[in-house]
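Residues per chain, in single letters:
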Amino acid sequence: MQPKEKIDIIARAREVFQSEQAEISYVLDHLDHTFKDVVELILNTTGKVVISGIGKTGLIGRKIAASLASTGTQAIFLNAAEAQHGDLGMVSRSDIVILISNSGESEEITRLPAPLKRLNCTLIAMTGMPQSTLAQQCDYVLNIGVRREACKIGLAPTTSTTATLVMGDALTVCLMEARNFQPENFALYHPGGALGRRMLTRVSEMMGTTIPSVNEDTSLRDVLVEVSSKKLGMTLVKNADGIYTGIITDGDIRRTVQRIDNFQQLTARDFMTPSFKHIDKNKMINDALDLMNKHKITSLAVTDGDQPHAPIVGILHIHDIYGFAKNK
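Just so we're clear, the structure is a prediction, and the values are computed from it rather than from any experiment.

A.B. asks: How would you explain the overall build of the chain if you had to name every residue and give the values?
C.D. replies: The number of helices and strands found in the chain is 16 helices and twelve strands. Since a compact globule built from 328 residues should have a radius of gyration of about 20 Å, the 30 Å found for the chain marks it as more spread out than a globular shape. Taking all 328 residues of the chain together, the buried fraction comes to 41%. Long-range pairs, those at least 24 residues apart, make up 63% of the contacts in the chain between residues at least 6 apart in sequence. Of the roughly 18,200 Å² of accessible surface on the chain, a fraction of 52% belongs to carbon and sulfur atoms. Separation of charge centres in the chain, based on 35 positive and 36 negative side chains, amounts to 4 Å.

So this is what it looks like as structure tokens:
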């Protein structure tokens with residue numbers, strides 16, 4: 001190699017970003033009805049989608065296959081070189097195979113169409129050269145052609161692999177939305193992640209059954225004792241009939257003490273917040289977290305059912321949620 005060239009690192013990085021943005025826009029301009037045909041083909045197949053590539057495009061292909069598989073489309077990755085030595089056995093008759101090669105001339109890739117056609121597979125080329133050997137052997141061509149790579153010598157796969165990745169992302173998103181893929185489906189395929197655990201866990205599994213409670217005529221001092229002793233930063237308030245009518249948080253107590261001089265004479269009724277947010281114990285934890293975030297609160301009363309005046313059976317605190325995710 002030649003002695004290193006002195007460059008403005010930040011300026012060059014900006015140029016790379018701008019170059020890749022421009023080339024993605026160029027690929028977008030050439031997106032046509034073939035993309036729609038491929039999405040509908042995959043939606044209607046009874047087989048799986050096989051993604052094959054080698055080298056840098058193989059790495060991108062592996063990511064595309066993983067994204068499809070985790071969002072409702074049965075998919076696997078097949079290394080093009082290994083396919084020549086027995087891994088074609090992973091492919092079943094009538095599968096859809098997406099072959100990725102920017103040049104469309106990689107020998108490991110161009111050898112695959114013939115045996116795949118004997119398996120009655122539908123072949124899709126994802127290539128930057130629509131007139132290449134690969135493209136001519138396939139049933140559909142997704143054009144990922146860019147005008148230039150981001151590096152000065154024009155050889156390191158940069159904008160071309162980015163274009164491939166974006167095309168794969170577009171396929172993934174269109175397919176998952178066409179299948180009406182929902183958060184609970186995502187959770188089913190991602191049970192090990194924090195998001196998956198929240199979506200697969202019901203409120204009843206995380207809530208605490210200790211319910212801080214005071215009467216409407218309870219003094220502020222005794223309210224403070226209840227809030228402190230239960231360590232949830234809040235207490236519910238109930239009337240003489242035992243019906244919960246409000247909530248007091250530690251924030252309510254602080255604001256009351258700061259605002260009123262003769263606060264020693266106050267009762268819970270004087271500074272409680274009428275009504276309170278609650279959630280059915282059978283709801284998913286992610287629903288509870290959404291409710292907390294929406295109203296900027298840290299605790300929810302948990303009810304046995306979602307009908308009006310359903311009995312309160314527990315309290316869910318935000319720390320319960322994050323503690324659960326961390327410990328699992």
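There's more to say after this.
A.B. asks: Before we move on, can you summarise the nonpolar core with the specific residues and values?
C.D. replies: Within the largest apolar cluster, 24 residues are counted, with the highest numbers of intra-cluster contacts made by Ile51, Ile98, Met126, Leu142 and Leu171. Elements supplying a minimum of two residues to this core: helix H2 (33–44), strand E1 (49–53), helix H3 (55–69), strand E2 (75–79), strand E3 (96–100), strand E4 (122–127) and helix H8 (159–178). Excluding anything up to four places from it in sequence, Ile98 contacts Val49, Val50, Ile51, Ser52, Ile124, Met126 and Leu171. One finds Ala80, Ile109, Leu116 and Leu123 within the second-largest nonpolar core, a separate group that totals 15 residues.

A.B. asks: Give me the lowdown on the sheet that holds E2, citing residues and values where you can.
C.D. replies: One open sheet holds the five strands; their spatial order is E2-E1-E3-E4-E5, and the pairing between them is parallel. Each of the sheet's edge strands pairs with one partner strand only, and the pair in question is E2 and strand E5 (140–143). Strand-to-strand twist across the sheet, computed as the mean angle between neighbouring axes with direction ignored, equals 20 degrees. Both E1 and E3 contribute to a ladder of four bridges, which runs parallel. What sits directly across from Val50, in E3, is Val97. Running at roughly 125 degrees to E5, H2 makes contact with E1, E3, E4 and E5 of the sheet.

A.B. asks: Mind laying out the environment of Val214, listing which residues take part and the relevant values?
C.D. replies: With respect to the helices, strands and loops of the structure, Val214 is situated in strand E6 (residues 213–215). Sequence separation of Val214 and Arg148 is 66 residues, and the distance between their C-alpha atoms is 71 Å. Excluding residues within four positions of it along the chain, Val214 makes contact with Val223, Glu226, Thr235, Leu236, Val237, Lys238 and Ala268.

A.B. asks: For unusual backbone geometry, give the residues involved together with the corresponding values.
C.D. replies: Within the chain, Asn120 stands out as a residue other than glycine whose phi angle is a positive 60 degrees. Although it is not a glycine, Lys296 sits at a positive phi angle of roughly 55 degrees. The topology assignment puts Lys296 in the loop between helix H15 (285–295) and strand E11 (299–303). Lys296 sits in the exposed class, given a relative accessible area of 74%.

A.B. asks: Could you give an account of the packing of H3 against H8, with specific residues and numbers?
C.D. replies: To describe two helices that pack against each other, one gives the angle between their axes and the distance between the axes. The geometry of H3 relative to H8 is characterised by a closest axis approach of 10 Å and an angle of 15 degrees between their N-to-C directions. Between H3 and H8, the crossing angle belongs to the class labelled roughly parallel. Crossing angle aside, the handedness with which H3 passes H8 is right-handed. Contacts from Lys56, Ile60, Lys63, Ile64, Ser67 and Leu68 in H3 reach Thr161, Thr164, Leu165, Gly168, Asp169, Thr172 and Leu175 in H8. Residues belonging to the contact of H3 with H8 are distributed by class as follows: five nonpolar, five polar and three charged.

A.B. asks: Quick rundown of the pattern of salt bridges? Include the residues and the values.
C.D. replies: Scanning the entire structure with this criterion turns up twelve salt bridges. Here Arg12 makes a salt bridge to Glu15, at a shortest N to O gap of 3.0 Å. Residue Arg12 and its partner Glu15 are both found in helix H1 (residues 9–29); the two are separated by three residues, about one turn of the helix. A relative accessible area of 19% places Arg12 in the buried class. Asp304 is paired through a salt bridge with Lys281; the nearest N and O atoms lie 3.3 Å apart.

A.B. asks: Run through the side chain of Ser132, naming residues and quoting values.
C.D. replies: Tracing the chain through its elements places Ser132 in the loop between E4 and helix H7 (133–137). In this structure Ser132 comes out as buried when scored by relative accessible area, which is 3%. Apart from residues lying up to four places away in sequence, Ser132 is in contact with Ser103, Gly104, Glu105 and Thr127.

A.B. asks: So what's going on with the pairing of E3? Which residues, and what values?
C.D. replies: Here E3 lies mainly inside the structure; five of its five residues are buried. What you see with E3 is no split at all: Ile96, Ile98 and Ile100 on one side and Val97 and Leu99 on the other are buried throughout. Across five bridges, E3 lies against E4 in parallel orientation. Across the sheet, the residue bridging to Ile98 is Ile124, located in E4.

A.B. asks: Just give me the short version of the sheet that holds E6, but keep the residues and values in it.
C.D. replies: Taken together, four strands build an open sheet; the order of strands is E6-E7-E8-E9 and the sheet is mixed. At either end of the open sheet lies a strand with only one pairing partner, and these are E6 and strand E9 (273–274). Pairing of strand E8 (residues 244–249) with E9 involves two bridges; the strand directions are antiparallel. Across the sheet, residue Gly246 finds its bridge partner in E9, namely Pro274. Where helix H12 (residues 220–230) meets the sheet, it contacts E6, strand E7 (234–238) and E8, and its direction lies at approximately 130 degrees from that of E7. Of the strands in this sheet, E8 and E9 touch helix H13 (residues 250–259), which is tilted by about 70 degrees from E8.

Rules behind the numbers
- Residue indices follow the written sequence of each chain, beginning from 1 at its first position.
- Side-chain atom pairs in this predicted model are given and counted only at pLDDT of 80 or more, local residue features only at pLDDT of at least 70, and totals for whole chains, interfaces and linings cover all residues.
- Hydrogens and water are ignored here; the side-chain numbers use all heavy atoms of the structure.
- Secondary structure elements are defined from DSSP: runs of H or I of at least 4 residues count as helices, runs of E of at least 2 residues count as strands, and each element is numbered from the N terminus.
- As a reference, a globule follows 2.2 Å times the number of residues to the power 0.38, and the radius of gyration itself is taken over C-alpha atoms.
- Burial classes: relative accessible area under 20% of the type maximum marks a residue as buried, over 50% as exposed, and values in between as partly exposed (1.4 Å probe, protein chains only).
- The contact rule is simple, with two residues in contact once any of their heavy atoms fall within 4.5 Å.
- To be clear on the numbers: accessible area is Shrake-Rupley with a 1.4 Å probe, and residue cover counts the displayed protein chains and nothing else.
- When charges are counted, neither His nor the chain ends are considered; positive counts come from Lys and Arg and negative counts from Asp and Glu.
- In plain terms, the charge of a residue is placed at NZ if it is Lys, CZ if Arg, CG if Asp and CD if Glu.
- Joining through side-chain atoms within 4.5 Å is the link that ties buried Ala, Val, Leu, Ile, Met, Phe, Trp, Tyr and Cys residues into a set, and such a set is a nonpolar core.
- For two strands to be treated as a pair, DSSP must find at least two bridges joining them.
- Each axis is a line fitted through C-alpha atoms, and for a helix only the stretch in contact is used; angles between axes span 0 to 180 degrees, taken between their N-to-C directions.
- Each angle gets one of four labels, with under 35 degrees taken as roughly parallel, over 145 as roughly antiparallel, 65 to 115 as roughly perpendicular, and the rest as oblique.
- Each helix crossing is assigned a hand: it is left-handed if the near helix lies turned anticlockwise from the far helix by less than a right angle, otherwise right-handed if that turn is clockwise.
- Classification convention: Asp, Glu, Lys, Arg as charged; Ala, Val, Leu, Ile, Met, Phe, Trp, Tyr, Cys, Pro as nonpolar; all other residues, Gly among them, as polar.
- By definition, a salt bridge exists where a carboxyl oxygen of Asp or Glu is found within 4 Å of a side-chain nitrogen of Lys or Arg.

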